[in-house]
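Each chain, letter by letter, is given below.
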Amino acid sequence: MRIDWWTLGLQTINVLVLVFILSRFLFRPVAAMIEERRAAAAKLLDDARAARAAVEAERQGVAKQTADLAQSRGEAMKAAAEQAEAEKRTILAAARAEADRLRAAAAADIARDRREAAAAASDEASRLALDIAARLLSRLPEEARVTGFVEGLAKGAADLPESVRATMGVNGTPIRLKVPRALSADEAQACRERLSQALGRAVKITPIVDPELVAGLEIDMPHAAVRNSFRADLDRIAAALTQDGRQTP
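Okay, so let's go over this structure. (Residues numbered from 1 in each chain as written. Predicted model: local features only at pLDDT ≥ 70, side-chain atom pairs only at ≥ 80, totals over all residues. Heavy atoms only, no water.)

Secondary structure assignment for the protein yields 5 helices and 4 strands. A total of 249 residues make up the protein; the buried ones form 20% of that total. In the protein, once contacts between residues fewer than 6 apart in sequence are set aside, the share between residues at least 24 apart is 76%. Here the protein has roughly 17,900 Å² of accessible surface; of this, 62% comes from carbon and sulfur atoms. (Helix = DSSP H or I, 4+ residues; strand = E, 2+ residues; numbered from the N terminus. Buried < 20%, exposed > 50% of the residue type's maximum accessible area, 1.4 Å probe, protein only. Contact = heavy atoms within 4.5 Å. Areas by Shrake-Rupley, 256 points an atom, 1.4 Å probe, with all protein chains shown as cover.)

As structure tokens, this is what we get:
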């Protein structure tokens, strides 16, 4: 076998020229194109990663907002429930206070009505008693309506404090004496004498007719009073009955 070195050398040169040409006009553009495509692909991948990260961040933000809204809603509902409970307690307390006030007002009205009814009954009883007493005394002698009360009047005057008795009938001032009817001369003399004895000095009297006394005598002065009559007795009885009625539950 014989090797042609010239041919081999030429072929080698052809190969080198071909490689140079391919490297110059084919490999480099293709490599640049490939590198450009690779860079574009890398950029797309980076953009995709960035978009995915943005989407993930947005999702996490939405999730956080949702959680915050849920928490805020829960807190708002809790606050609303507490406020409603507080308002309910306030309303119930106000209702209880109003009910207590109404009960107290009703009790006061009932007590007042009872007092008024007792007073009215007492007044009616007093009027009835006076009428009965007047009817009974009308069967007795007229002098019994006066003479039977002279001693009691004198005793009442004597029992007054000394400071009060010292002001009665002084300087000729007559003592105002309530009587159930006009006094006879003897009755007026008897009243004057017994009062003079009780006060320790001579006094004058001014009889004043008051039929409501029914029977009895009463001293009616600005600073002294002696009640010795059926009317006074009936008033004391009525006051005692009214007091008992007030104390009765």
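Having seen the model, we can carry on.
Taking strand neighbours across the sheet as the criterion, the 4 strands line up as E2-E1-E3-E4 in an open arrangement whose pairing is mixed. For this open sheet the edge positions go to strand E2 (205–209) and strand E4 (224–229), each flanked by a neighbour on one side alone. The sheet shows a mean angle of 25° between the axes of neighbouring strands, direction not considered. The pairing of strand E3 (residues 216–221) with E4 spans 6 bridges and is antiparallel. Looking across to E4, one finds that Leu-217 is bridged to Asn-228. Contacts from helix H4 (residues 185–199) reach strand E1 (175–179), E2 and E3, with the element oriented near 125° to E2. (Pairing = 2+ DSSP bridges. Axes fitted to C-alpha atoms, helices over the stretch in contact; angles between N-to-C directions.)

Within E3, 5 of the 6 residues are buried, which leaves it mostly tucked inside the rest of the structure. Taking the residues between adjacent antiparallel strands as the criterion, E3 and E4 are bridged by 2 residues.

Before going further, it helps to examine a nonpolar patch on the surface. Together, Leu-10, Ile-13, Val-17, Phe-20 and Ile-21 line one region of the surface with nonpolar side chains, adding up to about 470 Å² of accessible area. Along the chain, the position of Val-17 falls in helix H1 (residues 5–137). On the basis of relative accessible area, Val-17 is assigned to the partly exposed category, the value being 40%. (Patch = residues over 30% accessible without salt bridge, like charges linked within 9 Å, V, L, I, M, F, W, Y side chains within 5 Å. Salt bridge = Lys/Arg side-chain N within 4 Å of Asp/Glu carboxyl O.)

Now for the side chain of Glu-218. Among the structural elements, Glu-218 can be located in strand E3. For Glu-218, a relative accessible area of 6% corresponds to the buried category. Among the polar contacts listed, one links the side chain of Glu-218 to the side chain of Ser-229, at a separation of 2.6 Å. (Polar contact = N/O pair within 3.5 Å; in protein donor to acceptor, adjacent residues only side chain to side chain.)

A one-sided burial pattern is seen for E1, the buried positions being Ile-175, Leu-177 and Val-179 and the unburied ones Arg-176 and Lys-178. Two elements, E1 and E2, share 5 bridges in a ladder whose sense is parallel. If you follow Arg-176 over to E2, its bridge partner there is Thr-206. For the crossover that starts at E1, traverses H4 and ends in the parallel E2, the hand is right-handed. Relative to E3, E1 runs antiparallel, the two being bridged by 2 bridges. (Right-handed = clockwise from strand over helix to strand, strands pointing away.)

Turning our eyes to something else, we now look at the pattern of salt bridges. Enumeration according to the criterion identifies 18 salt bridges in this entry. Two residues, Asp-68 and Lys-64, come together in a salt bridge whose shortest N-O distance is 3.0 Å. Residue Asp-68 and its partner Lys-64 are both found in helix H1; the two are separated by 4 residues, about one turn of the helix. The exposure class of Asp-68 is partly exposed, given its relative accessible area of 33%. Accessibility expressed as a relative area gives 52% for Lys-64, which makes it exposed. Salt bridges sharing partners connect three or more residues here, namely Arg-176, Lys-178, Asp-210 and Asp-220.

The biggest cluster of nonpolar side chains holds 26 residues, and the ones touching the most others in it are Met-168, Leu-177, Leu-217 and Ile-219. Those elements that place two or more of their residues in this core are helix H2 (150–158), E1, H4, E3 and E4. The element best represented in this core is H4, accounting for 5 residues. Each residue touching Leu-177, except ones within four places of it in the same chain, is listed here: Leu-153, Cys-191, Ile-205, Thr-206, Pro-207, Ile-208, Leu-217, Glu-218 and Ile-219. (Core = buried A, V, L, I, M, F, W, Y, C linked by side-chain atoms within 4.5 Å.)

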